[in-house]
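The primary structure of each chain is shown beneath.
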Amino acid sequence: MKGIFKHQIFLMKLGLGLYKSLLTERNFKFARQAGATHLVVQLVDYIKGGDNPSLMRNYNDGWGITENEGKLWSYDYLSSLKKQIESHGLTLEAIENFDPSHWYDILLDGPKKERQMEDLKTIIRNVGKAGIPIMGYYFSLAGVWGWSPSESGRGGAKSVEFVLDNIDPDTPIPEGMVWNMVYNTDKSANTVSEVSREEIWQRYAYFLKEIIPVAEECGVMMAAHPDDPPVPRLRGTARLFYLTSEYEKLLGVVDSPSNGFELCMGTVQEMADGDIYTLLDKYLRLNKIGYIHFRNVKGKVPHYREVFVDEGDIDMIKALGILKKNSYNGVLIPDHTPEMSCDAAWHAGMAYALGYMKGAMQALQI
Ligand SMILES: [Mn+2]
């Protein structure tokens, strides 16, 4: 390197998250062109729109159907994806989200729970063997549900809004669905039984106690995403991480370097008790943050809306300062972003967020 950058040590890494439909050569090039060096990939096909994915649809009847039971992610599949990504000068940092086909009975405490737990362990062994350091996951029955698409963004940008008064939070989950995806298309009039807070914590503790020792052995960090939207109860089921004080409790279940956070700044800010700066400072210091969703928002539950990265309630520059102070050497990715009015609405939104992040990182000499 030359000139003023000669003595600069780049610790923090800029990444991009790609949905399954975006795992193409063209989008790997797009990521590099926008300054990203790392990727976080999703291997579950749930966002509709192919190369123009959109969150701004009505997903309250489900994200889609997944029929991958028994089709686990193999070492060969993960390893060849990693090599393909590396051929573009990028590093595969994490996989985000399990496929509901692979773990629905772990979430629902159903009869296939133990077999599916063995399947997840096989997946984590494959992830570790392929040299992918982080597995992001979201332990939830209702999943991401209850958003309204609206043109509430700056300049009339399409974005996501959550208004508790606009939904019936007790709408039950139909049988054959979990995590807002259908895993069994056999028609049934039944619904998922109500789940208490105590019950969801028991299910989660079972999962963590089983998976973390395997992850630790394989050098993989399990990184937990908080509940989006962060309300205590949705669709008749309690949610785990709707307050920061609840989110932090996961560390007390299993003490391991492989047990940590997929820290979503937007979701934490939406929480009734959310203090993103304190949370970042505390857990960066303890090395408990796998990677960060760098997203901004206006408002909190019961009413908030997702906004462009520069215009929300979080002072993103202050947050970056906290990351710098703690010598954070992990990856930041933009999370959701409002869509921009053009033919490539998702790409334009991401390029805007990445450009902002890159500029801020340079200005702060990160
Ligand atoms: Mn997020």
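Above this text you will find the structure in question.
As the structure is a prediction and not an experimental result, all values here were calculated from the model.

Visitor: Kindly report on the sheet that holds strand β16 (residues 303–307), identifying the contributing residues and their values.
Guide: The 4 strands lie next to each other as β6-β7-β16-β15, forming an open sheet whose pairing is antiparallel. The open sheet is flanked by β6 (148–150) and β15 (296–300), the only strands paired with a single partner. Each adjacent strand pair in this sheet contributes to an overall mean axis angle of 25 degrees, direction not counted. Relative to strand β7 (residues 159–163), β6 is paired through 3 bridges, and the arrangement is antiparallel. Within β7, the residue paired with proline 149 across the bridge is valine 160.

Visitor: With reference to specific residues and values, describe the packing of helix α4 (residues 113–129) against helix α5 (residues 197–218).
Guide: Running from N to C, α4 and α5 point in directions that differ by 20 degrees, and their axes come no closer than 9 Å. Comparing their axes, α5 and α4 come out roughly parallel. Pair α4 / α5 crosses with right-handed handedness. Between α4, through Met117, Leu120, Lys121, Ile124, Arg125 and Gly128, and α5, the contact on the second element is made entirely by Glu210, Ile211, Val214, Ala215 and Cys218. Split by residue class, the contact of α4 with α5 holds 7 nonpolar, 1 polar and 3 charged.

Visitor: I'd like a rundown of the sheet that holds strand β8 (residues 177–178), residues and numbers included.
Guide: Sheet strands pair by backbone hydrogen bonding; their relative direction is either parallel or antiparallel. Spatially, β3-β9-β8 is the arrangement adopted by the 3 strands of the open sheet, whose pairing is mixed. The sheet is open, and its two edges are formed by β3 (64–65) and β8, each paired on a single side. The sheet contact formed by β8 and strand β9 (residues 181–182) spans 2 bridges and is antiparallel. Across the sheet, residue methionine 177 finds its bridge partner in β9, namely valine 182.

Visitor: How would you summarise helix α11 (residues 345–363) if you had to cite specific residues and measurements?
Guide: With 19 residues, α11 should cover 27 Å at 1.5 Å per step; its first-to-last C-alpha distance of 27 Å lies within 8% of that length. Here α11 has its buried residues at Ala345, Trp346, His347, Gly349, Met350, Ala351, Ala353, Leu354, Met357 and Met361. Lining the buried residues of α11 we find β1 (13–18), α1 (25–33), β14 (289–294), α10 (316–325) and β17 (331–334). Looking one or two places after α11, you find glutamine 365, whose phi comes out positive at around 55 degrees.

Conventions used here
Residues numbered from 1 in each chain as written. Predicted model: local features only at pLDDT ≥ 70, side-chain atom pairs only at ≥ 80, totals over all residues. Pairing = 2+ DSSP bridges. Helix = DSSP H or I, 4+ residues; strand = E, 2+ residues; numbered from the N terminus. Axes fitted to C-alpha atoms, helices over the stretch in contact; angles between N-to-C directions. Parallel < 35°, antiparallel > 145°, perpendicular 65-115°, else oblique. Left-handed = near helix turned anticlockwise from the far one by under 90°. Contact = placed C-beta atoms within 7 Å. Nonpolar A, V, L, I, M, F, W, Y, C, P; charged D, E, K, R; others polar. Expected span 1.5 Å × (residues − 1). Buried ≥ 20, exposed ≤ 12 C-beta atoms within 10 Å, placed from the backbone.

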